[in-house]
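Listed here are the chains, written in short residue letters.
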Amino acid sequence: MRIRLRARIFLLALLAVLSLVGCSQAEEKPEEFRIGLMAPLSSATRFTMHRVAQARVDELNAQGGVEVGGRKMLVRLYVEDSGDKVEQAMSAMGRLVQQQRVSAIIGPYFSREAIPVAAAMETMRVPMISPSATNPEVTRGRTFAFRVCQVDSVQGAVLARFAYEDRGLRRAALLYDEADAYSSGLAGYFSNAFAAQSAAKVHLEPYQAGTHDFMPHLARIVAAGAQVLFLPNFPIDLARQIQQARAAGFSGQFLGGESWDTDRGFHSLPEAQGAVYETDFATAAADPKLLAAAQALAAKSGSELDKNTALTLDALGLLLAAAKSV
């Protein structure tokens, strides 16, 4: 019921924007359905989801385009780099909405960007679909903000239950970026869920963005007797944290969120072996035909079908299905 209701709300939101675009641009290019994609292309992690999205758009246009509100239209994809920075993301959003006159935006990908962008787009009444921003505040109370990924409230509770029930651990520690909406938000949900269990204890260690030396934090974690160390952080920090944790004497279980699946470069570290993380994309759980098609698109664009790419294709598919139903 909730999913159907959200789908209807999305259709109404998209209809409102398409009506505005039709009035303002009917004389300009009525044959184009304009979509914006806002991704952190210049971040430290190498993202290529925009290339796969463009390959899908090219494929659709080669077939004659898509049906939008009863009209056949070609799809035009406008890509902007959010730069993994809030200010740049806001500027990118402004260009897409005000200059390119897109009907909807795919992105942003990080919660720290998606929360302020969603607030601004709500006032402009333009829909956005985030492939991977998991903080509940992205969509809470909003009519024009959507996502195709899970939310941190669910993820945190599931990971806490795994540590407590499946692994039988009673003392948890968390090392997290206190200024990042994803890291601090997921840390809070995990901490609350774990601490609510009988005889469970939680030790919190927030750190500032840009920290390289985590040894003081980790020394306190080891002294607290932590059996599980939850790291709801991004790969740029995770490699250092995992290596330094073992060097500090932590011998327990590493636990991570789906951010661990955005860049697997650190997964081969000896210190990372045995770690458990949660993700919202797994090839084993995907429909074989859809998976094969997505992998072919990724290969065609010289990319790998990773988590963010798969979720980008999901967001694009949802947007086009909604446009057809308007």
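The structure presented is a predicted model; accordingly, all values stated were derived computationally and were not measured.

With that settled, consider the sheet that holds strand β9 (residues 228-231). Spatially, β8-β7-β9-β10-β11 is the arrangement adopted by the 5 strands of the open sheet, whose pairing is parallel. Either end of the sheet is taken by a strand with one partner, and the two such strands are β8 (201-207) and β11 (276-277). Taken together, the 7 bridges between strand β7 (residues 171-177) and β8 define a ladder with parallel strand orientation. Bridge pairing links L174 to L204 in β8. Most of the contacts of helix α5 (residues 152-166) go to strand β10 (residues 253-256), to which it runs at about 165°, and overall it touches β9, β10 and β11.

Here the focus is the pattern of salt bridges. In this structure the tally under the stated criterion is 11 salt bridges. Of the charged contacts in the structure, one is a salt bridge between D84 and R112, with a shortest N-O distance of 2.6 Å. Placement of D84 in the loop between β3 (71-81) and α3 (86-99) and of R112 in helix α4 (residues 111-124) is noted, with a sequence separation of 28 residues between them. Each of E32, R34 and R76 takes part in a single network of salt bridges with overlapping partners.

This part covers the pairing of β9. Side chains V228 and F230 of β9 all project onto a buried face; the interleaved residues L229 and L231 project onto the opposite face, where all are buried too. Sheet topology note: the β9/β10 ladder contains 4 bridges and is parallel. Each bridged residue has a counterpart across the sheet, and for L231 the counterpart in β10 is G256. In terms of handedness, the path from β9 via helix α8 (residues 235-247) over to β10 forms a crossover that is right-handed.

This part takes up the nonpolar core. It is characteristic of soluble globular proteins that their nonpolar side chains tend to be buried jointly. In this structure, F33, I35, I106, F190, F194, L255 and L320 are the most contacted members of the largest nonpolar core, which totals 44 residues. Counting 19 residues, the second largest nonpolar core, distinct from the first, contains Y78, V117, A118 and V126.

Along the chain, D180 turns up in the loop between β7 and α6 (181-195). Engagement of the side chain of D180 in a polar contact is seen with the backbone nitrogen of Y182, the distance being 3.0 Å. Within polar-contact distance, the side chain of D180 engages the backbone nitrogen of S183 at 2.8 Å. In this structure D180 touches R112, G185 and F234, once residues within four positions along its chain are discounted.

Let's shift gears to the packing of aromatic side chains. Counted under the stated rule, the structure contains 10 aromatic pairs. Between the aromatic rings of W260 and F266, the centroid separation amounts to 5.4 Å while the plane-to-plane angle is 70°, which identifies the pairing as edge-to-face. Three or more aromatic residues link up through ring pairs in this structure, and these residues are F47, F110, Y182 and F234. Taking NZ or CZ as reference, R170 lies 3.7 Å from the ring centre of Y164, over its face.

Before going further, it helps to spend a moment on unusual backbone geometry. For the peptide bond that leads from G107 to P108, omega is -10°, which places it in the cis range. Note that P108 resides in the loop between β4 (104-106) and α4. Positive phi, close to 55°, is recorded for R101, a residue that is not glycine. Take R101: it is sitting in the loop between α3 and β4. Judged by its relative accessible area of 36%, R101 falls in the partly exposed class. Backbone geometry places R125, a non-glycine residue, at a positive phi of 60°.

Looking at the chain, the pLDDT average stands at 91 and 90% of residues meet or exceed 70. Across residues 1-5 the pLDDT falls below 50, and counting only partners more than four positions away or on other chains, this stretch makes 0 contacts in the model. Under a pLDDT of 50 for its full length, residues 19-30 has, in the predicted model, 12 contacts with residues more than four places off or in other chains.

The strands making up a sheet associate through hydrogen bonds between their backbones, and the pairing can be parallel or antiparallel. Reading across from one edge, β2-β3-β1-β4-β5-β6 is the order of the 6 strands in this open sheet, with mixed pairing throughout. Of all the strands in the sheet, the pair left with one neighbour each is β2 (66-68) and β6 (145-147). Direction aside, neighbouring strands of the sheet carry axes that sit 35° apart on average. Of the pairings in the sheet, the one linking β4 to strand β5 (residues 128-130) comprises 2 bridges and is parallel in character.

The rules behind the values
- Residues numbered from 1 in each chain as written.
- Predicted model: local features only at pLDDT ≥ 70, side-chain atom pairs only at ≥ 80, totals over all residues.
- Heavy atoms only, no water.
- Pairing = 2+ DSSP bridges.
- Helix = DSSP H or I, 4+ residues; strand = E, 2+ residues; numbered from the N terminus.
- Contact = heavy atoms within 4.5 Å.
- Axes fitted to C-alpha atoms, helices over the stretch in contact; angles between N-to-C directions.
- Salt bridge = Lys/Arg side-chain N within 4 Å of Asp/Glu carboxyl O.
- Buried < 20%, exposed > 50% of the residue type's maximum accessible area, 1.4 Å probe, protein only.
- Right-handed = clockwise from strand over helix to strand, strands pointing away.
- Core = buried A, V, L, I, M, F, W, Y, C linked by side-chain atoms within 4.5 Å.
- Polar contact = N/O pair within 3.5 Å; in protein donor to acceptor, adjacent residues only side chain to side chain.
- Phe/Tyr/Trp six-rings, centres within 6.5 Å; stacked < 30°, edge-to-face > 60°.
- Lys NZ or Arg CZ within 6 Å of the ring centre and 35° of its normal.
- pLDDT = per-residue confidence, 0-100.

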